[in-house]
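A look at the structure
Here are the chains, one letter per residue:
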Amino acid sequence: FGRNERISWAGTNMMADVQDIVIEQLHPGNAALYKSGEQWLPFESKQEYIHVKPDFPDALRMPYKPVEVVVRKSKNGPIISDVVKGARGAYSLKWTALSIADTSYEFFYRVNYAQNWQEFKSSLKFHVAPAINIIYADVENNIALVGAGKIPIRRQGKGYLPTIGGEKEDQWQGYVPALSMPIDLNPPAGFVVNANNANADATYPYFISNDFAQEFRAKRISDLLEQKISSQTYVDIKDMQQIQADLLDL
């Protein structure tokens with residue numbers, strides 16, 4: 001993803017479950033209101049315009065009228081069921097990437113100026129979305145695989161099913177602390193690998209996902225690295241090219 005004179009870093013999708021569909025409870029006498037705790041609140045509405053470019057050559061064609069879309073929103077997120085004509089009820093999308101407190105740009109700014117592992121690690125707390133596994137290396141021979149991004153802590157359940165809006169037990173109760181994210185720093189194997197597979201074992205105290213990729217790609221990469229390491233002193237660019245082009249499916 002990036003590098004400077006001291007550190008380099010890349011990443012893979014963590015496959016974390018950071019979205020919930022919320023079934024909003026509508027007021028029985030006024031469907032323009034939804035339940036939020038002990039209150040009935042009006043949906044926020046915003047007019048959006050989608051500009052459509054004409055076919056080529058656009059200079060010789062009449063301009064299209066922008067498509068007008070009214071976006072409704074609750075405290076949980078945008079009402080995605082409105083795009084389905086005739087849909088009953090109101091279903092919102094609760095997603096970490098829609099947070100107004102998203103400081104991910106701050107993370108990307110800070111990480112580009114980080115000079116060592118500690119400075120790099122301190123920048124991770126600013127990353128919100130998407131949740132990623134970051135592979136790190138520096139000129140001091142430190143390597144690491146570390147998770148970054150906001151992962152919700154649910155009061156109940158693990159995101160299998162939609163939740164009910166307005167009910168306290170169905171709410172998020174914060175996020176996995178940045179300092180408690182999965183981390184593998186300078187492992188004995190001498191390398192770190194992730195191919196969207198689980199980044200923590202069963203002893204990890206927080207729920208991350210039901211949908212990790214299977215282990216076979218990560219295992220194949222590890223096997224190839226171990227073969228290279230056992231036959232020579234280091235892994236070079238040509239070795240990495242061969243690993244990237246490998247076709248064996250375990």
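Here, every reference points to the structure presented above.
The paragraphs below set out a description of the structure included in this document. (Residues numbered from 1 in each chain as written. Predicted model: local features only at pLDDT ≥ 70, side-chain atom pairs only at ≥ 80, totals over all residues. Heavy atoms only, no water.)

Another aspect to go through is the side chain of asparagine 194. Tracing the backbone shows asparagine 194 in the loop between strand E15 (183-185) and helix H3 (216-231). Within the structure, the side chain of asparagine 194 is placed 3.1 Å from the side chain of asparagine 133, a separation counted as a polar contact. Residues contacting asparagine 194, with those up to four places away along its chain left out, are Thr12, Asn13, Asn133, Leu145 and Asn199. (Helix = DSSP H or I, 4+ residues; strand = E, 2+ residues; numbered from the N terminus. Polar contact = N/O pair within 3.5 Å; in protein donor to acceptor, adjacent residues only side chain to side chain. Contact = heavy atoms within 4.5 Å.)

Bringing the sheet that holds strand E3 (residues 19-23) into the picture now. What the 3 strands build is an open sheet, ordered E9-E3-E13; its pairing is mixed. Every other strand in the sheet has two partners, leaving strand E9 (91-95) and strand E13 (163-164) as the edge strands with one partner each. Two strands pair when backbone bridges link them, and E3 and E13 are joined in this way by 2 bridges, in the parallel orientation. Bridge pairing links valine 22 to threonine 163 in E13. (Pairing = 2+ DSSP bridges.)

Here we come to helix H1 (residues 104-113). Burial in H1 covers these residues: Ser104, Phe107 and Val111. Projected onto a plane normal to the axis of H1, the buried residues spread over an arc of 45° and lie on a single side. For H1, the exposed residues lying more than 90 degrees away from the buried face are Tyr105, Tyr109 and Tyr113. In this structure, the buried side of H1 is in contact with strand E2 (7-13), helix H2 (117-123) and strand E10 (132-138). (Buried < 20%, exposed > 50% of the residue type's maximum accessible area, 1.4 Å probe, protein only. Arc of directions from axis to C-beta.)

Another aspect to go through is the environment of alanine 10. Examined against the element boundaries, alanine 10 turns out to sit in strand E2. When its relative accessible area of 30% is taken as the criterion, alanine 10 is described as partly exposed. Sequence-wise, alanine 10 and asparagine 116 are 106 residues apart; in three dimensions their C-alpha atoms are separated by 15 Å. Residues in contact with alanine 10, not counting those within four places in the same chain, are Phe1, Asn133, Ile134 and Ile135.

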